[in-house]
Amino acid sequence: MDFTRTRSLFHLPEGMIYLDGSSLGPLPLAARERTLRLLSDEWGEMLIRGWNDAGWMDAPARLGDRIGRLIGAPAGTVVMGDTLSIKVYQAVAAALEMRPERRVILSDHGNFPSDLYMVDGLLRSLFRGHELRLVAPEEVASALDEHVAVLMLTEVDYRTGRKHDMAPLTEAAHAAGALTVWDLAHSAGALPIDLSGAGADFAVGCTYKFLNAGPGAPAFIYVAPEHIGHVRPALSGWLGHEAPFAFDLDYRSGPGIERMRVGTPPIIAFAALEAALDVWDEVSISDVRVRSIELAELFIAEVEKRCPALELVSPRSAENRGSQVSFRFEHAYPAMQALIDRGVIGDFRAPDVMRFGITPLYLDAGDLVRAAETLEEIVNGRLWDRPRYRERRAVT
Ligand SMILES: *Cc1c(COP(=O)(O)O)cnc(C)c1O
């Protein structure tokens, strides 16, 4: 597979090596043109008629089906909208209602805080004695018992890249009578996912990381076909209603996945998402996975050879790792700022982790060797040791 073609589909600033697709993917060139076209031809010319004539109303389901092809979800099981945090809330609320006699939501303490915060808020408003139980990632399977209503996991750990095994954990959850909510934030666009094959009940994810749809791009939610008809949306907005334009005073959910819609979808953001998804017409996710593992192995080897002070915190075995590689370093924050200053962009995750997102869509072996060389200069030459690199900004 030749990835020079996909690289040419992105805008990358001159001289920059971008290792932060795990936080925000780069701009697909077509997104600029597609967004401008939406502004001028659709919003500009059609105005309100765009909802019918430009297909805006169907966009959440249409784009959901395109995402579905990347995550092993059949047509009609994925819908777009809102942010990932909102989708977590919806999925967990729906799953809890399907296990009314149980009171525990099980997750691991590597999960992304927003997922845990959303559950915490949900449980407070439910006020029915539910408990969010957190265990170590490797103890999840053994912590499943008859009290667990929902197993909520993020497949790939945002900080370390450690990857859960979706199929066996889903099977174990089902054997214990629990439902599963999988967060695919760091999986979608990074590795093959088979929601159907794994028997997942619910899944959620965002599109601004490895799917490159832009800052604040809409999230997605998947509901297994056998559950869709039973799910009662907690966020029962009008666009999930069976007949929004009947303006009934009573809520009746739509028949299919559209019941997980809430309010008016972000049509301008969808233009960028649509263009970002076109990139996936050129490559298969399994080719991306194979090459991203090769690149990650190269990067790990180069960094370990050059920077003995850095400790790999990602799993060493590629099959247990997503698409990011992270190292622990005492001076991780200023070292990352020094790296960014030299055009190598990764990010910092508290308390002491330097994280690098690796995808062949726009990175090659030369980029990773150059990134490791730059890191070597900074770490071994103490170039991070400058007051300006210690200033903490709002986003790290
Ligand atoms: C990035 C990420 C989020 C962010 O949620 P938003 O609502 O999109 O800000 C949530 N959960 C996980 C696991 C993430 O990696």
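This text follows the structure it describes.
In this report, we go over the structure that sits alongside the text. (Residues numbered from 1 in each chain as written. Predicted model: local features only at pLDDT ≥ 70, side-chain atom pairs only at ≥ 80, totals over all residues. Heavy atoms only, no water.)

**Digging into the layout of surface pockets**
Next up, step 1: Estimated volume of the largest pocket: approximately 650 Å³.
Next up, step 2: Lining the largest pocket are 33 residues, and of these S23, D347, R349, V395 and T396 lie nearest its centre.
Next up, step 3: Those elements giving two or more residues to the lining of the largest pocket turn out to be α5 (84-97), α6 (113-126), α12 (332-341) and β14 (347-349).
Next up, step 4: For the lining of the largest pocket, the element with the highest residue contribution is α12, accounting for three residues.
Next up, step 5: Among the residues forming the lining of the largest pocket, the class breakdown is 13 nonpolar, 11 polar and nine charged.
Next up, step 6: Counting residues domain by domain, the lining of the largest pocket receives three or more from each of domain 1 (4-27 + 284-390) and domain 2 (57-281). (1 Å grid on protein atoms, 1.4 Å probe; cavity = no way out; pocket = protein on both sides within 12 Å on 5 of 7 lines; lining within 4 Å. Points joined across faces, edges and corners; volume = space filled by probe spheres on them. Helix = DSSP H or I, 4+ residues; strand = E, 2+ residues; numbered from the N terminus. Nonpolar A, V, L, I, M, F, W, Y, C, P; charged D, E, K, R; others polar. Domains from an automatic or database assignment.)

**Side note on the site of the ligand**
Next up, step 1: In the region of the ligand, the neighbouring residues are T83, L84, S85, F112, D115, T154, D183, A185, H186, Y208 and K209.
Next up, step 2: Here a nitrogen atom of the ligand sits 2.6 Å away from a polar atom, N or O, in the side chain of D115.
Next up, step 3: In isolation the ligand offers 390 Å² of accessible surface; the protein chains occlude 86% of this area.
Next up, step 4: With respect to the detected pockets, the ligand is housed in the largest pocket.
Next up, step 5: Per-class residue counts for the shell around the ligand are four nonpolar, four polar and three charged. (Near = heavy atom within 4 Å. Polar contact = N/O pair within 3.5 Å; in protein donor to acceptor, adjacent residues only side chain to side chain. Areas by Shrake-Rupley, 256 points an atom, 1.4 Å probe, with all protein chains shown as cover. Sits in = over half its atoms within 2 Å of the grid points.)

**So, the sheet that holds strand β15 (residues 353-357)**
Next up, step 1: What the four strands build is an open sheet, ordered β11-β12-β15-β14; its pairing is antiparallel. The open sheet has two edge strands with one neighbour each: β11 (311-312) and β14.
Next up, step 2: Relative to the sheet, helix α11 (residues 285-306) contacts β11, β12 (324-328) and β15, its axis offset from that of β12 by approximately 15°. (Pairing = 2+ DSSP bridges. Contact = heavy atoms within 4.5 Å. Axes fitted to C-alpha atoms, helices over the stretch in contact; angles between N-to-C directions.)

**Details of the packing of α11 against helix α13 (residues 365-380)**
Next up, step 1: Here α11 crosses α13 at 25°, and the two axes come no closer than 9 Å. Taken together, the axes of α11 and α13 lie roughly parallel to each other. In this structure, α11 meets α13 at a crossing whose hand is right-handed. Packed against α11, whose contacting residues are R291, L295, L298, F299, E302, V303 and R306, the element α13 presents A365, L368, V369, A371, A372, E373, L375, E376 and N380 at the interface.
Next up, step 2: Among the residues making up the contact of α11 with α13, the classes are represented as 10 nonpolar, one polar and five charged. (Parallel < 35°, antiparallel > 145°, perpendicular 65-115°, else oblique. Left-handed = near helix turned anticlockwise from the far one by under 90°.)

**Considerations on the packing of aromatic side chains**
Next up, step 1: In this structure the tally under the stated criterion is 12 aromatic pairs.
Next up, step 2: Here F299 and F327 contribute two aromatic rings whose centre-to-centre distance is 6.2 Å and whose plane-to-plane angle is 70°, an arrangement assigned as edge-to-face. One end of the pair, F299, is in helix α11; the other, F327, is in strand β12, and 28 residues separate them in sequence.
Next up, step 3: A relative accessible area of 1% means that F299 is categorised as buried.
Next up, step 4: Judged by its relative accessible area of 0%, F327 is buried.
Next up, step 5: Taken together, F10, Y18 and Y362 form an aromatic cluster joined through their ring pairs.
Next up, step 6: Across the ring face of F112, the terminal group of K209 is positioned such that the distance to the ring centre comes to 5.5 Å. (Phe/Tyr/Trp six-rings, centres within 6.5 Å; stacked < 30°, edge-to-face > 60°. Buried < 20%, exposed > 50% of the residue type's maximum accessible area, 1.4 Å probe, protein only. Lys NZ or Arg CZ within 6 Å of the ring centre and 35° of its normal.)

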